[in-house]
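An overview of the molecular structure
Here's the letter readout for the chains.
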Amino acid sequence: KAFEELFLNKHHQTTATLKECTACVIRPHIIKERKIGQVLKTILGQGFIISAIQMFRLDKETAADFLSVYKGVFPQYVELVDEMSSGSLIALEVKRDSNFTGDIVEDFREHAGPWDHSVACELHPQTIRARFGRNNVANAIHCTDLPEDGVIECEYFFKVFASNMPLMIDK
């Protein structure tokens, strides 16, 4: 009972700053393959700062809502929704230090690599998607596409979604 009171029935305050940030979502297949540590180590090793991290579990409706901009654009949209709702995922707010003058969204996307896994492997083999992805759907991570959406996607997870759901634990 003490475990439930401490972890399951309370909303925890986020460390997300929701400023000059981008979102990264570690996909469920990475968690199932036990590669979370390797992905996080890679992100930190590339000089990024993880200012917020939280585990979530999306149902199909919520995953479809989050990924709605890809409907009709991404040929495997249905499979992508299935992947994002197939198990726990980890949302990150990613930043650079205060001396960084570039665009964090574009900078992180460059390190994430192309969404097309075969292109990532062939042309950008050191990127996160090339190293940890399996195909175009299970491609290790989701990251913000457009510079103006970095804060919006972080707000989705760390403000809107987190405030409406208790902490999720896989049983």
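Residues numbered from 1 in each chain as written. Predicted model: local features only at pLDDT ≥ 70, side-chain atom pairs only at ≥ 80, totals over all residues. Heavy atoms only, no water.

1. Structural notes on the side chain of T127
Rules: Comment: elements are numbered from the N terminus, with helices defined as DSSP H or I runs of at least four residues and strands as E runs of at least two. The buried label applies to any residue whose accessible area, calculated with a 1.4 Å probe on protein chains only, is under 20% of its type's maximum; exposed applies above 50%, and partly exposed to all values in between.
Inspection of the secondary structure assignment puts T127 in the loop between helix 7 (117-123) and helix 8 (128-132). Assessed through its relative accessible area of 7%, T127 is described here as buried.

2. Brief notes about the confidence of the model for the chain
To keep it simple, the criterion reads: Summary of the metric used: pLDDT quantifies the predictor's per-residue confidence within the range 0 to 100. Two residues qualify as a contact provided that any one of their heavy atoms is within 4.5 Å of a heavy atom in the partner residue.
Here the chain shows a mean pLDDT of 90. Residues at 70 or above account for 89%. Per-residue pLDDT stays below 50 along residues 167-171; that stretch engages in 10 contacts with residues further than four places along the chain or on separate chains.

3. Some words on the nonpolar core
Soluble globular proteins tend to bury their nonpolar side chains together. Basically, it comes down to this: We define the nonpolar core as a collection of buried residues of types Ala, Val, Leu, Ile, Met, Phe, Trp, Tyr and Cys that are connected through side-chain atoms lying within 4.5 Å of one another.
Judged by nonpolar contacts, the single largest core of 26 residues is most densely connected at F56, L67, M84, L89, F157 and F158. Per-element tally for this core: the top contributor is helix 9 (residues 150-164), with 6 residues. Apart from the residues within four sequence positions on either side, L67 is in contact with Y77, L80, V81 and M84. Listed in part, the 20 residues of the second largest apolar core include C24, F48, I104 and A140.

4. Describing the pattern of salt bridges
Heads up, the rule is: We define a salt bridge as a side-chain nitrogen of Lys or Arg found within 4 Å of a carboxyl oxygen belonging to Asp or Glu.
Tallying each qualifying case throughout the model produces 5 salt bridges. A salt bridge links E33 to K35; the shortest N-O distance between them is 3.4 Å. Take K35: its relative accessible area is 26%, and that puts it in the partly exposed class. Between K60 and D82 there is a salt bridge, and its shortest N-O distance comes to 2.8 Å. Of this pair, K60 sits in helix 4 (residues 60-66) while D82 sits in helix 5 (residues 77-84), and the two are 22 residues apart along the sequence. The network of salt bridges with shared partners includes E33, K35 and R134.

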